[in-house]
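Survey of secondary and tertiary structure
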Amino acid sequence: MHQGSGILSTRQRRLAWLGFLLAALQAPVSAKLVADESWLFSLCVALMVATVIIADDAARRRPADATSD
């Protein structure tokens, strides 16, 4: 049984992980340094990138010959 390919290439997947880590690390730092709630934007971006990474994982784990419903 072959595994399916994900929606991201290997390079895009690495960049997505890098973007997730940078945004996730920036949120608590900016929350500490900035008086307003602009750090929530970094948190939202990190969550959106994490959703793409999770969707890519799911697509990679699906068998290659499986049909989507």
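Above this text is the structure in question.
What comes next concerns the included structure. (Residues numbered from 1 in each chain as written. Predicted model: local features only at pLDDT ≥ 70, side-chain atom pairs only at ≥ 80, totals over all residues. Heavy atoms only, no water.)

Applying the stated criterion to the full structure yields one aromatic pair. A centroid spacing of 5.9 Å and a plane angle of 85 degrees characterise the contact between tryptophan 17 and phenylalanine 20, whose relative ring orientation is edge-to-face. Highlighted residues: tryptophan 17 and phenylalanine 20, both in helix α1 (residues 10-33), separated by three residues, approximately one helical turn. On the basis of relative accessibility, which here comes to 21%, the residue phenylalanine 20 falls in the partly exposed class. (Phe/Tyr/Trp six-rings, centres within 6.5 Å; stacked < 30°, edge-to-face > 60°. Helix = DSSP H or I, 4+ residues; strand = E, 2+ residues; numbered from the N terminus. Buried < 20%, exposed > 50% of the residue type's maximum accessible area, 1.4 Å probe, protein only.)

Attention now goes to the environment of alanine 24. The topology assignment puts alanine 24 in helix α1. The exposure class of alanine 24 is partly exposed, given its relative accessible area of 31%.

The next subject is the side chain of serine 42. Tracing the sequence through the fold places serine 42 in helix α2 (residues 39-61). Since its relative accessible area comes to 8%, serine 42 is described here as buried.

This paragraph deals with the packing of α1 against α2. Between α1 and α2, the least distance of the axes is 8 Å, while the angle of their chain directions is 150 degrees. Taken together, the axis directions place α1 and α2 in an arrangement best described as roughly antiparallel. In this structure, α1 meets α2 at a crossing whose hand is left-handed. Residues Thr10, Arg13, Ala16, Trp17, Phe20, Ala23, Ala24, Gln26, Ala27, Ser30 and Ala31 of α1 touch α2, and the partners they reach there are Trp39, Ser42, Leu43, Val45, Ala46, Val49, Ala50, Ile53, Asp56, Asp57 and Arg60. Grouping the amino acids of the contact of α1 with α2 by side-chain chemistry returns 14 nonpolar, four polar and four charged. (Axes fitted to C-alpha atoms, helices over the stretch in contact; angles between N-to-C directions. Parallel < 35°, antiparallel > 145°, perpendicular 65-115°, else oblique. Left-handed = near helix turned anticlockwise from the far one by under 90°. Contact = heavy atoms within 4.5 Å. Nonpolar A, V, L, I, M, F, W, Y, C, P; charged D, E, K, R; others polar.)

These figures come from the coordinates and say nothing about function on their own.
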